[in-house]
Amino acid sequence: MPRDSLQLRARATTLAPQTPELPLTATTFAELGVAPQITQALDSAGITSPFPIQEMCIPLALDGQDLIGQAKTGTGKTLGFGVPLLQRIDSDSVSGAIPQALVVVPTRELCVQVAKDLELAGSVQGTRVLAVYGGRSYEPQVDALEAGIDVVVGTPGRLMDLARQRKLNLSGVKVLVLDEADEMLDMGFLPDVEAIVAMLPSARQTLLFSATMPGQIVNLARRYMTSPTHIRASDPNDDNITVDAIEQHVWRAHAMDKPEIVARVLQADGRGLAIIFCRTKRTAQKLSDDLADRGFAVGAVHGDLGQGAREQALRAFRSGKIDVLVATDVAARGIDVEGVTHVMNYACPEDEKTYLHRIGRTGRAGASGVAVTLVDWDDVPRWTLINKALGLAFAEPVETYSTSDHVYTGLGIPKTVTGKLPRADRTRAGLAAEEIEDLGETGASAGKRAASGNRSGGRDSGRGKGGSKQSGGRSSGRSGGGKPASDSAGDDSKSEKSGASRTRNRNRRRTRGGQSGKSQPSASSSE
């Protein structure tokens, strides 16, 4: 990222008095004291210059200090803690060695992303990194731990499960990292995080990274960190944490017209990859199916899908087989994909933090991007609060329809486009071209959801080759009793319980019918 275009400042403070601002002078990782093996691995991936948060954190973390790292989303926090963590790993560890570093993250998608980044940076020195999270079979994770692992990246629930089963030994952890700590707080993981910290040696280095720093996170730092240094990298002209590189549009739209607006935005000139965020699982799947019918190469990521299907969609998105991803907030913190030019909020986000994390999927690492938010009439008061909190210029969202002139002129959309992607432009392979990995998923219905196909648009859209819908689609919404389903990475075993409950209810009705003297059809006649 060109430093002369952004006069960036970085403040380093402890939780006590502030110190003067520190200049950014280093231009390479080697100048920050990073080991040659790690710099070689980064160089091979084209990563040569550190970002401000990395430049500030790495030297202090290499000295063994406890740190709180704060920066905008998409500014490279992962390597800010990853490089010092990897440098403290004993590369001569033997087979069966217990983990030397632990990284705790809030979501499955972020777990996979962080583990991949650490594997890349530690590839030359041979660091063994393991991602542990729910939705996958325990056995491969246990086997890897028994064989010997240097770094474990995991979600709180699965880490607690493995630790309680004595499969995960945390007595050798030298470095603890709490990534996206504010999100873990919001998701209710704080008790699990505290239980995990209690299992670690008291003599350790603790690094806490987060985009925002609410008071409870500061209190957490005071309890579990030793004189931590608070590092923040920011633009001196940026009094809030909105990503300035993102061109933002906020429109008041009717629910029935939203799919038409989305279809036109997806045909804007210069659009690369696009992510559309929905509030509920049901809406995400319905929109994904609708866009597939319109010819777009699209995949979905939400809690009604098995982990295999979710990872299939993310792999297809990263590889370019699909260029549109419809997701709930389960993916807002876990997607770090190059080439995302457009982000859409299909409905008004819950609050300003959610808004920032969503639009932060574009405009990452110095790139530019476009964010479009569609606000329902009923959500205008909520948007007013978000707009005021972030100091934006959209206090009154413009009333917008798919035929409105500003939709076309503001985003560079040709006037000739319609609500369907022309067949000549359907060049992506589609989701069906990406195989589903057998994860040995937990839950009776998980395997069925992962194994079912998904209409993915692309070249085969409309030709009968796109496969069937995911079971997380329209039928999955019925389990919610007609209420919008909130997204969760939760228990896939609920469908098994509901199926057994339906069977018991049918048996009871037949029994009651027989006792009341009413004739019941025999099993053979009913079939």
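The preceding data block contains the structure.
Since the structure is predicted, the reported quantities are computational estimates derived from the model, not experimental observations.

Quick notes on the rules
- Residues numbered from 1 in each chain as written.
- Predicted model: local features only at pLDDT ≥ 70, side-chain atom pairs only at ≥ 80, totals over all residues.
- Heavy atoms only, no water.
- Helix = DSSP H or I, 4+ residues; strand = E, 2+ residues; numbered from the N terminus.
- Contact = heavy atoms within 4.5 Å.
- Polar contact = N/O pair within 3.5 Å; in protein donor to acceptor, adjacent residues only side chain to side chain.
- Buried < 20%, exposed > 50% of the residue type's maximum accessible area, 1.4 Å probe, protein only.
- Salt bridge = Lys/Arg side-chain N within 4 Å of Asp/Glu carboxyl O.
- Pairing = 2+ DSSP bridges.
- Axes fitted to C-alpha atoms, helices over the stretch in contact; angles between N-to-C directions.

Novice: Where do I start with the environment of Arg-358 in this structure?
Specialist: Position of Arg-358 relative to the elements: it lies in helix α13 (residues 352–359). Taking the C-alpha atoms as reference points, Arg-358 and Val-343, 15 residues apart in sequence, are found 7.5 Å from one another. With residues near it in sequence (within four places) discarded, Arg-358 still touches Phe-277, Cys-278, Arg-279, Asp-329, Val-343, Asn-345, Ala-347 and Pro-349. In this structure the side chain of Arg-358 is engaged in a polar contact, spanning 2.8 Å, whose partner is the side chain of Asp-329.

Novice: Sorry, what's going on with unusual backbone geometry here?
Specialist: Glycine aside, a negative phi is what most residues show, and trans is what most peptide bonds show. Notably, Arg-166 is not glycine yet its phi reads approximately 60°, a positive angle. Along the chain, the position of Arg-166 falls in the loop between α6 (156–164) and β7 (175–179). At Ser-227, a position not held by glycine, the phi torsion is positive, near 45°. For Ser-227, the position within the fold is in the loop between α9 (215–224) and β9 (229–234). Ser-227 sits in the exposed class, given a relative accessible area of 63%.

Novice: Whenever I open this one, the side chain of Ser-402 confuses me. Can you help?
Specialist: Examined against the element boundaries, Ser-402 turns out to sit in the loop between β16 (398–400) and α15 (405–411). With residues up to four places along the chain from it excluded, the contact list for Ser-402 reads Asp-257, Glu-260, Ile-261, Arg-264 and Tyr-408.

Novice: What's the story with the pattern of salt bridges in this structure? I'm lost.
Specialist: Close approach of charged atoms lets side chains of opposite charge pair. Using the criterion set out here, one finds 20 salt bridges in the structure. The shortest N-O distance in the salt bridge between Asp-323 and Arg-428 comes to 3.7 Å. Remark: Arg-428 occurs in the loop between α15 and α16 (446–451) and Asp-323 occurs in the loop between α12 (307–319) and β13 (324–327); sequence separation between them is 105 residues. For Arg-428, a relative accessible area of 29% translates into the label partly exposed. One salt-bridge network, held together by shared partners, links Glu-260, Arg-264, Asp-290 and Arg-294.

Novice: How should I be thinking about the pairing of strand β15 (residues 369–375) in this particular structure?
Specialist: Note on strand geometry: in a regular strand, side chains alternate between the two faces of the sheet. With 7 of its 7 residues buried, β15 lies for the most part within the structure. Burial along β15 is two-sided: Gly-369, Ala-371, Thr-373 and Val-375 facing one way and Val-370, Val-372 and Leu-374 facing the other are all buried. Across 7 bridges, strand β10 (residues 246–253) lies against β15 in parallel orientation. Note on β15: the bridge partner recorded for Ile-246 is Gly-369. Bridge count between strand β14 (residues 340–345) and β15: 4 bridges; the pairing is parallel. Bridge pairing links Val-343 to Ala-371 in β15.

Novice: Explanation requested: the pairing of β7 in the structure shown.
Specialist: Of all 5 residues making up β7, 5 are buried, and the element is well covered by its neighbours. Alternating positions in β7 separate into two faces, Val-175, Val-177 and Asp-179 on one and Leu-176 and Leu-178 on the other, with burial throughout. Two strands pair when backbone bridges link them, and strand β4 (residues 101–104) and β7 are joined in this way by 4 bridges, in the parallel orientation. The partner of Val-103 across the bridge, within β7, is Val-177. Pairing geometry for β7 and strand β8 (residues 205–210), over 5 bridges, is parallel. Paired with Leu-178 across the bridge in β8 is Leu-208.

Novice: Can you walk me through the sheet that holds β13 in this structure?
Specialist: Hydrogen bonding along the main chain pairs the strands of a sheet, whether they run parallel or antiparallel. On the basis of which strands lie adjacent, the open sheet formed by 7 strands has the order β12-β13-β11-β14-β15-β10-β16 and parallel pairing. The outermost strands of the open sheet, each flanked by one partner alone, are β12 (298–301) and β16. Neighbour-to-neighbour, the strand axes of this sheet turn through a mean angle of 25°, independent of strand direction.

Novice: Would you take a moment to explain the environment of Pro-52 for this structure?
Specialist: You can see Pro-52 is positioned in helix α2 (residues 52–62). Here Pro-52 falls in the buried class, since its relative accessible area comes to 7%.

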